[in-house]
Structures are given as structure tokens and as C-alpha cells.
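Below, each chain spelled out in residue letters.
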Amino acid sequence: MTSPRDAHRSGFACFVGRPNAGKSTLTNALVGSKVAITSDKPQTTRHTIRGIVHREDAQLIIVDTPGLHRPRTLLGQRLNDLVMETWSEVDVVGLCVPADQKVGPGDKFIAGELAKVAKKTPVIGIVTKTDLVGPKQVAEQLLALQQVMDFAELIPVSAVDGYQVGLLADLLVGRLPRGPQLYPAGELTDEPEQTLIAELIREAALDGVRDELPHSIAVTVEEMLPREGRDDMLEIHALLHVERQSQKAIVIGRGGERLKQVGMVSRKQIEKLLGSKVYLDLRVRVAKDWQRDPKQLRRLGF
Ligand SMILES: Nc1nc2c(ncn2[C@@H]2O[C@H](COP(=O)(O)OP(=O)(O)OP(=O)(O)O)[C@@H](O)[C@H]2O)c(=O)[nH]1
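Sequence order sets the numbering: in each chain, residues are counted from 1 along the sequence as written. This being a predicted model, a pLDDT of at least 70 is required before a residue's local features are given, and a value of 80 or more before pairs of side-chain atoms are given or counted; all residues contribute to the totals for chains, interfaces and linings. Heavy atoms from the whole structure form the basis of all side-chain values; hydrogens and water molecules are not counted.

(A) Region of the structure containing the overall build of the chain. Across its full length, the chain carries 10 helices and nine strands. Between buried and exposed lies partly exposed: a residue is buried under 20% and exposed over 50% of the maximum accessible area for its type, with that area taken using a 1.4 Å probe on protein chains only. Counting across all 302 residues of the chain, residues that qualify as buried make up 49%. For the chain, the proportion of contacts with a sequence separation of at least 24, taken over those separated by at least 6, is 70%. Where accessible areas are quoted, they stem from the Shrake-Rupley method and a 1.4 Å probe; at the residue level, only the protein chains shown are allowed to cover. With an accessible surface of roughly 14,900 Å², the chain has 51% of that area assigned to carbon and sulfur atoms. Segments assigned H or I by DSSP are reported as helices when at least four residues long, segments assigned E as strands when at least two residues long, and all are numbered from the N terminus. Throughout, a residue-residue contact means that at least one pair of heavy atoms, one from each residue, lies within 4.5 Å.

(B) Structural context of the pattern of salt bridges. Salt bridges, as used here, are contacts in which a Lys or Arg side-chain nitrogen is within 4 Å of a carboxyl oxygen on Asp or Glu. Counting across every chain of the model gives 12 salt bridges. Taking the shortest distance from any N to any O, the salt bridge between Arg 202 and Glu 199 comes out at 3.5 Å. Placement of the pair is Arg 202 and Glu 199 together in helix H7 (residues 193-206), with a separation of three residues, close to one helical turn. Residues Arg 202 and Glu 199 agree in their burial class; the two are buried. In this structure, Asp 281 and Arg 283 form a salt bridge, with 3.0 Å as the shortest nitrogen-oxygen distance. Of the residues examined, Asp 281 reaches a relative accessible area of 13% and is grouped as buried. Beyond isolated ion pairs, a larger network of salt bridges with shared partners links Arg 55, Asp 57 and Asp 170.

(C) Up close: the sheet that holds strand E8 (residues 233-242). A pair of strands is labelled paired if DSSP reports no fewer than 2 bridges between them. Strands sit in the order E7-E8-E9 across an open sheet of three strands; the sheet is mixed. Each edge of the sheet is formed by a strand with only one pairing partner; in this case those strands are strand E7 (218-226) and strand E9 (277-286). Each strand of the sheet is rotated relative to its neighbour by a mean of 20 degrees, with strand direction disregarded. The sheet contact formed by E7 and E8 spans eight bridges and is antiparallel. Across the sheet, Val 219 pairs through a bridge with Leu 240, a residue of E8. Packed onto the sheet, helix H9 (residues 257-274) meets E7, E8 and E9 and runs at close to 135 degrees relative to E9. Lines fitted to the C-alpha atoms define the axes, with helices restricted to the stretch that makes contact. Angles between their N-to-C directions range from 0 to 180 degrees.

(D) Up close: the environment of Val 242. When you line up the elements, Val 242 lands in strand E8. For Val 242, a relative accessible area of 0% gives the class buried. Between the C-alpha atom of Val 242 and that of Lys 288, which follows or precedes it by 46 residues, the distance is 7.4 Å.

(E) Broad picture of the state of the cysteines. The disulfide definition used here is simple: a pair of cysteine sulfur atoms within 2.5 Å. Going through the model one piece at a time under the given rule, you end up with zero disulfides. Cys 14 forms no disulfide, and the closest cysteine sulfur to it belongs to Cys 96, at a distance of 9.4 Å. On the basis of relative accessibility, which here comes to 1%, the residue Cys 14 falls in the buried class. Its relative accessible area of 0% is what places Cys 96 among the buried residues.

(F) Representation of the packing of aromatic side chains within the structure. Pairing of aromatic rings covers Phe, Tyr and Trp, the last through its six-membered ring, and needs centres within 6.5 Å; plane angles under 30 degrees mean stacked, over 60 mean edge-to-face, and all others mean tilted. Within the structure shown, the criterion is met by zero aromatic pairs. Whether a charge lies above a ring is judged from NZ of Lys or CZ of Arg, which has to be within 6 Å of the ring centre and within 35 degrees of the ring normal. Here the basic side chain of Arg 227 rests over the ring of Tyr 279, its NZ or CZ set 3.8 Å away from the ring centre.

(G) Region of interest: the environment of Lys 129. In this structure, Lys 129 sits in the loop between strand E5 (123-128) and helix H5 (135-146). Sequence spacing of Lys 129 and Ala 21 is 108 residues, and the spatial spacing of their C-alpha atoms is 8.4 Å. Ignoring any residue separated from it by four or fewer positions in sequence, one finds Lys 129 in contact with Asn 20, Ala 21, Gly 22, Pro 98, Ala 99, Asp 100, Val 157 and Ser 158. In terms of polar contacts, Lys 129 uses its side chain to reach the backbone carbonyl oxygen of Asn 20, at 2.8 Å. Residues adjacent in sequence count toward polar contacts only when both atoms are side-chain atoms; beyond that, a polar contact is any pair of N or O atoms within 3.5 Å, and within protein one must be able to donate a hydrogen and the other to accept it.

(H) Spotlight on the packing of helix H2 (residues 23-31) against helix H6 (residues 165-174). Where H2 meets H6, the axes come as close as 10 Å, and the angle between the chain directions of the two elements is 90 degrees. Taken together, the axes of H2 and H6 lie roughly perpendicular to each other. On the side of H2, the interface is formed by Leu 26, Ala 29 and Leu 30, while H6 contributes Val 165, Leu 168, Ala 169 and Leu 172. Residues that form the contact of H2 with H6 fall into these classes: seven nonpolar, no polar and no charged. With respect to orientation, any angle under 35 degrees is reported as roughly parallel, any angle over 145 as roughly antiparallel, any angle of 65 to 115 as roughly perpendicular, and every other angle as oblique. Residues are sorted three ways: Asp, Glu, Lys and Arg are charged, Ala, Val, Leu, Ile, Met, Phe, Trp, Tyr, Cys and Pro are nonpolar, and all the rest, Gly among them, are polar.

(I) H7, seen in detail. Between its first and last C-alpha, H7 extends 20 Å over 14 residues, near the 20 Å set by a 1.5 Å rise per residue. For H7, a buried count of 12 out of 14 residues is recorded, marking the element as mostly surrounded by other parts of the structure. Among the residues making up H7, those that are buried are Thr 195, Leu 196, Ile 197, Ala 198, Glu 199, Leu 200, Ile 201, Arg 202, Glu 203, Ala 204, Ala 205 and Leu 206. The first or second residue beyond H7 is Gly 208, which carries a positive phi of 90 degrees. Helix span, as expected, comes to 1.5 Å for every residue beyond the first.

In C-alpha cells:
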């Protein structure tokens with residue numbers, strides 16, 4: 001007889017899909033907590049952030065990769081390499097395609113790349129954002145997705161209303177090998193706190209900026225220390241790196257209004273994350289063309 005302990009499964013999953021497909025939101029819905037940043041701007045997830053789903057019968061570690069795209073810069077190339085590397089290391093991959101957009105060349109490009117690992121790693125086709133369309137369109141999207149590659153399973157979900165999120169967790173867990181817990185119960189992510197904080201600041205800074213500017217913002221946390229004379233407060237110093245002087249002006253805004261807003265919004269999120277009051281000092285620095293400069297990329301953690 002197998003004991004429940006022997007039946008325990010553990011392992012890694014990741015979601016892929018074109019930018020904005022809903023991968024981060026789905027990670028959060030599965031984990032039940034805000035660990036991956038989300039935004040309506042494409043390519044917001046630069047770091048491989050893991051969310052951990054703890055269940056009686058399994059521990060599912062979700063690696064949230066950046067969107068795959070045709071590389072134009074050194075950063076783009078590195079991001080793609082990171083995605084490929086992630087695929088070969090996980091137990092199951094979910095290809096996310098939003099229900100409200102036609103299956104297009106971007107999805108086919110990703111499916112083509114995924115097919116290369118599909119013999120080793122099962123791929124689940126996931127139609128996301130089903131709350132945005134009617135049942136007929138969901139069915140059509142499932143059919144369209146089925147054409148692009150040979151999936152181990154196909155499932156429609158909505159991270160917003162929770163539709164089939166539990167079932168998706170079951171499907172993912174079903175593909176994990178038997179094994180013990182890999183992380184302590186209750187731990188939701190193994191990303192260093194500073195990375196999460198930097199991501200929250202970047203998320204706030206991206207809100208309301210258009211075009212190519214989002215790709216030009218990077219955030220580093222330079223210092224975290226107890227605030228002098230306030231033992232209930234943390235003091236955090238962070239830098240927003242942009243590529244050009246003109247971008248600096250946009251990020252700061254007229255009379256510093258935008259930066260103030262970014263500070264206010266992200267401070268609230270950071271306080272929630274850390275469970276402590278925070279004094280946040282944000283500065284903007286021009287790191288000329290950092291996306292094309294290997295030294296700068298390393299300094300910014302890529
Ligand atoms: N209505 C609806 N919107 C969703 C759902 N999931 C995600 N979204 C929205 O779609 C946008 C993109 O979601 P993300 O989770 O950031 O997408 P992503 O694939 O991680 O994007 P990148 O990080 O750019 O690769 C956000 O505005 C989300 O709020 C969903 O189930 N329903």
C-alpha cells in the first residue's frame with residue numbers, strides 16, 4: 001500500500017505565451033497571493049519569479065518567465081535564452097493564449113519553439129481570460145489552439161473570476177513527479193525580498209507610460225535599513241534607471257508629480273508585502289542605452 005506521503009508530488013511548472021497573455025495574473029490566481037507583478041503593458045516580467053502552490057497532496061512551483069519575442073536588443077536575446085532554459089528545467093509547461101485575441105503568428109512562433117521540448121516536457125494549452133468572451137468564442141479558441149501543436153491537455157480558464165483555476169492546478173500537479181515538499185509550508189516565493197520590491201516599484205512606474213518607455217525602465221533597491229528613531233519603520237532607497245534624459249523627465253513628471261505618485265502607490269504595496277511601515281526614497285538615474293550594454297545589464301541583474 002502507498003502511504004499519503006508516497007503519493008505526494010512536487011515539481012516545477014512555467015507559463016509561456018506572448019506578452020500580455022495573462023501569465024502573471026494566472027500565477028497569482030493559482031498561488032492565491034500577489035507574487036508576480038502584472039500590468040497592461042507587455043513584457044513586464046523580467047525576472048523568473050516563482051510562486052508556490054501548497055496543497056495536501058503536492059507542491060507546485062511556478063516559474064513565471066518573460067514573454068518570448070523576436071529579439072531586437074541584447075536584453076531581448078538574454079530574455080529569450082532565459083525562457084528556453086526554463087522550459088528544459090520544468091516538469092510541465094502551460095502555453096497561454098488569451099480568449100479575446102486571434103491565435104496568431106506570435107503564438108505559432110512560440111508553439112514551434114515549444115514543440116522542440118514537447119517530447120521531454122508535456123505542454124498544456126491554456127485559453128486565458130475566458131470572462132472577456134462568450135462560450136462560443138471560447139470553444140472556437142480551443143479549436144484554433146489545438147491546431148498549433150500537439151498538447152498534452154487543453155483547458156480554458158479565467159484568472160479574474162477563478163473559472164477552472166482549481167482544475168488547471170490539478171492538471172499541472174498531475175504532471176509532477178512523486179516527491180517530497182521542496183519548500184517550507186507557507187512560503188510563496190523564493191525571490192529575494194529586494195527583487196520583489198524592485199518589481200513593485202517598476203510596476204507602479206509603468207502605470208500610465210506609453211510606447212517603448214516600459215522597456216527602458218529598470219529598478220534596483222540600493223539599500224534597506226531600519227529608519228532612524230522609528231523602530232516600526234523600514235527605510236528603502238531605490239533607483240529607477242532609464243536610458244535617456246528625455247525619459248527621466250517623463251518618469252519624474254511636471255514638478256515631480258509622477259514620481260511622487262509612483263512612490264505612493266508602490267510604498268503601499270511594499271508595506272503590504274513586508275507587513276511593516278516603509279519610508280521610500282526613489283531616485284531616477286540615466287544609464288545610457290543600458291539594454292545594449294553588457295556591463296550595465298550585469299549591474300542591473302540581468
Ligand atoms: N479580464 C481578464 N483580464 C485578465 C485576465 N488575466 C489577465 N488579465 C489582464 O491582462 C493583462 C495582462 O496580464 P498579465 O498577467 O500581466 O500578462 P503576462 O502574460 O504576464 O504579461 P507579460 O508579463 O507582459 O508577459 C492585465 O491587464 C491583466 O489584468 C483574466 O483572466 N481576465
